[in-house]
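# Observations on the three-dimensional arrangement
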Amino acid sequence: MTQYESEGDLIHVDVNKNNLYVEKTEITRSLSSLAITVNSLDDILRKCGDFGRFQWIHYFFMNWIAMSFGIVSFYYIFGAAEPDHRCRLPEHIWPNDTQYNPMNSMHEMYINMYIPKSSSGQKWEKCVQYSTDMINHTLERCSNGWVYDRSIFGYTFTEEANFVCENQARKSWLAVVIQFSGFLVLVIGSLADKYGRKKLTVIISILLFISCLTTQIIMQWIPMTIKTKFMILLFNQFASGLSISNFSLVFILMFELTSSAHTSLAGNLAFISFTIGEVIVTLFAYLTRHWQHLKWANLLFLGVGIPYLYFIPESPLYLYAKGKYSNLESLLRQIANQNGRKENEWYSHYQDLLRNQPVISTHKHNVSFFRHTCRLVTYRAIILKLFITCLISLTTVMIYFQISYGLATMDVSPYLAILIGAVVEAISYITSSLLLSTKLGRKGSFIILMSLTILSVFLIPIIEKYSSIAMVSMAQLGKYLISVTITITWIFIPELFPTSIRSTSNGCCIAFGRIGAILAPVIGTLIGKEYLSYTYYVSSVLGIIALLFSLFLPETKDKPMDDESDHSPDSNGI
C-alpha cells in the first residue's frame, strides 16, 4: 500500500456518492504532518463567522416561527376564557335578557330577586338561581341558559358553547389537545435527525398553515351544530400544536448555525421571540374581542413567515454528521461570504478537518438510522441523561403553566397580567444569557435558579392569605425565576446529546414537558379553589426531586457540539 493510499484511508468516502472533496496532497507529505492541527467543525464555524450577518438574517426570520409558538400557546387564555356570567332571567320575567350588567333599576331588581349574590356580595352566583315559583327561595340550576359579561374578553368560545358550570371541564380539552399535539415532536424530532432540520421545518410549517386555514374556513362559513364546531376546533387546536415541534426544530437549527460560544445567545433570542408572541396575541385579543377573529389574526401571522421557508438553511452540524461534505462546504462558503470572511481564513482548516476523519468501516456505514439511534439511546449514560432531562422538563413546564394560568385568573386585567408577565419573561431571558456566560455554566445556573423557583412556588399560596397584591408580586417573581430556569434547560439539554440524536432527545424532553403543560390547566379546572394551594406544594416537592437528580448531569459550557466522544460505547458514567 502506498503512502497516498494509506492517507486516503483516514477519510470516509462513499464511492457511490461523490460528496466528499479534499484537495490532493503530495505523496511525500507524512501522515504525522496531517495530525499537527486538529480542528472541529465548531472551530471552522468560528473562522467562517459564527455570529455575523448570515446568522442575524436567518435568526430574524426563524424567530418569526418562534413568535408563532408564543401566539399559539396563549390563544387558550383569551379564545376560551371564562367571562363572568349569571343565569338568564326567564322570558316571562324579562324578555331578551342578554346583558350581564343591569340595563336599568327595574332590570337590576329582577336580577337580584331571582339570582343570589356570591359569597363576596359583589357579583351574582354563576350556576344557580332561585326557583321561579319563589317558594322558600329554593336554588336550582340555570334552566334558561346564561348571560355573559363581554366587557373584558368579548365573545369567547366558552360563551358560544356554554362551557360553564357543569360543562366547564370540556373547555380544558382545548388546552389539552394542543399539548397532546406536542407529543408528535417525538416522531418529528427523530425524522429531523434522519432527514434534516430544514426539510422537516418546511413540511411542518406548510402542514400547520394548511390545516389551520382549512378548519377555520369550515368553522367560519359552513353552518353546523355547536358540537360539530367544537370537534373541528379541537382538530384546529391539535394542528396548531405542531408549532411546538416547529419551535423545537428551529431552536435546534439556530443552535447549530453558530459555535458553542454563542449557543446560549441564540437560544435566548428564540425565547425572547416567544415572549414577543405573547405580547402579539394579547394585542390581537384586545383588538378582535372575538375567539374566531383572534384565530384569523393568528393564522395571518403564521402565513407571513411561509415565504422564508424557501431560503431556510440546513444545519452544518447535521450535514457534517451525515457525511454530506459537498453540501457542508457549500453552506460554509455561503456563511463565510455573507460574514465577510475570505476563503483562505477557513478553507485550509476545513480540508484538515476532513483529512482527519477517522476510518469508518463498511459495516458501521451501512447501519440504518433506526439501529444507530437505538444503539445510542441504549448506552447507560444516555439513558440516565434522558431520564433526568425528561423529569426536569416535565417539572419546569408544569410550574410555568401553573403560574401563567394563575396570573390570568387573578383579580387584575388579564391583558395587563400577560403583558407584565411577558416583560418579566424577557428580563428573565436576558438574565439567563448573562448567567450562562459566567463560571456557573449551565449546571450551576440551573441549580441556583431551580432552588429559588421552588421557594417562590412554595410561598405563593401562603402569601395569598394575607395580601392579593403581594401574592401577584410573588407569582410574577415565580414566573421570572421559572422562565430563567426553563431557558437554561432548553440550552443545557441539547448540548448533552450528540448531533445524530439531538433532535430526537430534545423532542423526548419536550414531550414530557407537554405532560406538565397538560396537567396544569386540568388540575386548575378540576380542583376546587379551596384545595388549589396544595398543588403548589406538590409542585415544590417535584421540583426538589428534579433538582437532586440534576446533580448527576455534566457541565457542557464551551463544549463543541460536534464532539461525540462522550457518547461512545466505551463511555463510563454520566
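Please read all numbers here as calculations on a predicted model, not as lab measurements. (Residues numbered from 1 in each chain as written. Predicted model: local features only at pLDDT ≥ 70, side-chain atom pairs only at ≥ 80, totals over all residues. Heavy atoms only, no water.)

### Quick word on the overall build of the chain
Scanning the chain from N- to C-terminus turns up 26 helices and 4 strands. A buried classification covers 53% of the 574 residues belonging to the chain. Pairs at least 24 apart in sequence give 79% of the contacts found in the chain among residues at least 6 apart. By element, 63% of the accessible surface of the chain is carried by carbon and sulfur atoms, the whole surface being about 25,600 Å². (Helix = DSSP H or I, 4+ residues; strand = E, 2+ residues; numbered from the N terminus. Buried < 20%, exposed > 50% of the residue type's maximum accessible area, 1.4 Å probe, protein only. Contact = heavy atoms within 4.5 Å. Areas by Shrake-Rupley, 256 points an atom, 1.4 Å probe, with all protein chains shown as cover.)

### Some details on the state of the cysteines
This structure, assessed with the given rule, holds 2 disulfides. Two residues, Cys87 and Cys142, share a disulfide whose sulfurs are 1.7 Å apart. The chirality of the disulfide connecting Cys87 with Cys142 is left-handed, given an S-S dihedral of about -55°. Of this pair, Cys87 sits in strand S1 (residues 85–87) while Cys142 sits in the loop between strand S3 (139–141) and strand S4 (146–148), placing them 55 residues apart in sequence. (Disulfide = S-S within 2.5 Å.)

### Some details on the environment of Ala475
Note that Ala475 resides in helix H24 (residues 468–495). Ala475 sits in the buried class, given a relative accessible area of 2%. Sequence separation between Ala475 and Ile463 is 12 residues; the distance between their C-alpha atoms is 9.9 Å.

### Re the pattern of salt bridges
As enumerated under the stated definition, the model contains 15 salt bridges in all. Of the charged contacts, one joins Glu278 and Lys479 as a salt bridge, the two residues approaching to 3.8 Å between their closest N and O atoms. Of this pair, Glu278 sits in helix H14 (residues 263–288) while Lys479 sits in helix H24, and the two are 201 residues apart along the sequence. Taking relative accessible area as the criterion, Glu278 reaches 0% and is therefore assigned buried. Lys479 sits in the buried class, given a relative accessible area of 1%. Residues joined in a network through salt bridges with shared partners are Asp193, Arg197, Glu256 and Arg502. (Salt bridge = Lys/Arg side-chain N within 4 Å of Asp/Glu carboxyl O.)

### Overview of the packing of aromatic side chains
A full pass over the atoms with the stated rule returns 37 aromatic pairs. Ring centres of Phe271 and Tyr429 lie 5.3 Å apart, and the angle between their planes is 40°; on these two criteria the pair is classed as tilted. On the criterion of sequence distance, the pair formed by Phe271 in helix H14 and Tyr429 in helix H22 (residues 414–436) is long-range, its members being 158 residues apart. Comparing Phe271 with Tyr429, the two get one shared label, buried. Each ring, one from Trp346 and one from Tyr350, has its centre 6.1 Å from the other, and the planes form 55°; the classification is tilted. You can call Trp346 buried: its relative accessible area is 1%. Accessibility expressed as a relative area gives 0% for Tyr350, which makes it buried. Each residue in the set Phe69, Phe74, Phe247, Phe251, Phe255, Phe271, Phe274, Tyr429 and Trp490 is aromatic and connected to the rest through ring pairs, giving one cluster. (Phe/Tyr/Trp six-rings, centres within 6.5 Å; stacked < 30°, edge-to-face > 60°.)

### Some points on the nonpolar core
Ranked by internal contacts, the top residues of the largest apolar core, which has 120 residues, are Met62, Phe78, Leu332 and Tyr350. Ranked by residues supplied to this core, first place goes to H24 with 12 residues. Not counting residues within four places of it along the chain, the set of residues in contact with Leu332 comprises Leu41, Ile44, Leu45, Cys48, Trp346 and Tyr350. Counting residues in each nonpolar core, the second largest holds 15 residues, with Ile93, Trp124, Cys142 and Tyr148 among its members. (Core = buried A, V, L, I, M, F, W, Y, C linked by side-chain atoms within 4.5 Å.)

### Observations regarding the environment of Lys443
Note on placement: Lys443 falls in helix H23 (residues 441–464). Taking the C-alpha atoms as reference points, Lys443 and Lys557, separated by 114 residues in sequence, lie 8.7 Å from one another. The contact partners of Lys443, leaving out residues within four places of it in the chain, are Phe492, Ser550, Leu551, Leu553 and Glu555.

### Regarding the confidence of the model for the chain
Per-residue confidence for the chain gives a mean pLDDT of 82; residues scoring 70 or more make up 83%. Low pLDDT (under 50) marks residues 1–22, which in the prediction has 48 contacts with non-local residues, meaning those over four places away or in another chain. Under a pLDDT of 50 for its full length, residues 360–365 has, in the predicted model, 4 contacts with residues more than four places off or in other chains. (pLDDT = per-residue confidence, 0-100.)

### Brief notes about the packing of H23 against helix H26 (residues 532–550)
At a minimum axis separation of 8 Å, H23 and H26 run at an interaxial angle of 165°. Here H23 is positioned roughly antiparallel relative to H26, judged by the angle of their axes. Like other packed secondary-structure pairs, H23 and H26 cross with a definite hand, here left-handed. Here H23 contributes Lys443, Phe446, Ile447, Met450, Ser451, Ile454, Val457, Phe458, Ile460, Pro461 and Ile462 to the contact with H26, which in turn contributes Ser533, Tyr536, Tyr537, Ser539, Ser540, Gly543, Ile544, Leu547 and Ser550. Classifying every residue of the contact of H23 with H26 gives 13 nonpolar, 6 polar and 1 charged. (Axes fitted to C-alpha atoms, helices over the stretch in contact; angles between N-to-C directions. Parallel < 35°, antiparallel > 145°, perpendicular 65-115°, else oblique. Left-handed = near helix turned anticlockwise from the far one by under 90°. Nonpolar A, V, L, I, M, F, W, Y, C, P; charged D, E, K, R; others polar.)

### A few points about the side chain of Ser243
Considering the arrangement of structural elements, one finds Ser243 in helix H13 (residues 242–256). By relative accessible area, which is 2% here, Ser243 ends up buried. Once residues within four sequence positions are removed from consideration, Ser243 is found in contact with Phe69, Val72 and Leu208.

### Focus on unusual backbone geometry
Positive phi outside glycine occurs at Asn162, with the angle close to 55°. Taking the relative accessible area as the measure of exposure, Asn162 reaches 27% and is therefore partly exposed. Non-glycine residue Arg289 carries a positive phi angle of around 55°.

### Looking at helix H6 (residues 105–114)
Along H6, the positions that sit buried rather than exposed are His107, Ile111 and Tyr114. On an axial view of H6, the arc spanned by its buried residues comes to 80°, and they lie on one face. On its buried face, H6 is in contact with S1 and strand S2 (128–130). With a side-chain oxygen lying 3.1 Å from the backbone nitrogen of Met106, the N-terminal cap of H6 falls on Asn104. (Arc of directions from axis to C-beta. Polar contact = N/O pair within 3.5 Å; in protein donor to acceptor, adjacent residues only side chain to side chain.)

### Thoughts on the packing of helix H17 (residues 325–338) against helix H18 (residues 347–355)
Contact geometry of H17 with H18 gives a least axis separation of 12 Å together with a crossing angle of 160°. The angle between H17 and H18 places the two elements in the roughly antiparallel class. Handedness of the H17/H18 crossing: right-handed. Judged by residue contacts, Tyr325, Leu328, Glu329, Leu332 and Arg333 of H17 engage Tyr347, Tyr350 and Leu354 from H18. The residue inventory of the contact of H17 with H18, partitioned by class, reads 6 nonpolar, no polar and 2 charged.

### Points about a positive patch on the surface
A cluster of basic residues, Lys194, Lys199, Lys322 and Lys324, forms a positive patch at the surface. Mapped onto the elements of the fold, Lys322 is located in the loop between helix H16 (316–321) and H17. With a relative accessible area of 35%, Lys322 lands in the partly exposed category. (Patch = residues over 30% accessible without salt bridge, like charges linked within 9 Å, V, L, I, M, F, W, Y side chains within 5 Å. Lys, Arg positive; Asp, Glu negative; His and termini not counted. Charge placed at Lys NZ, Arg CZ, Asp CG, Glu CD.)

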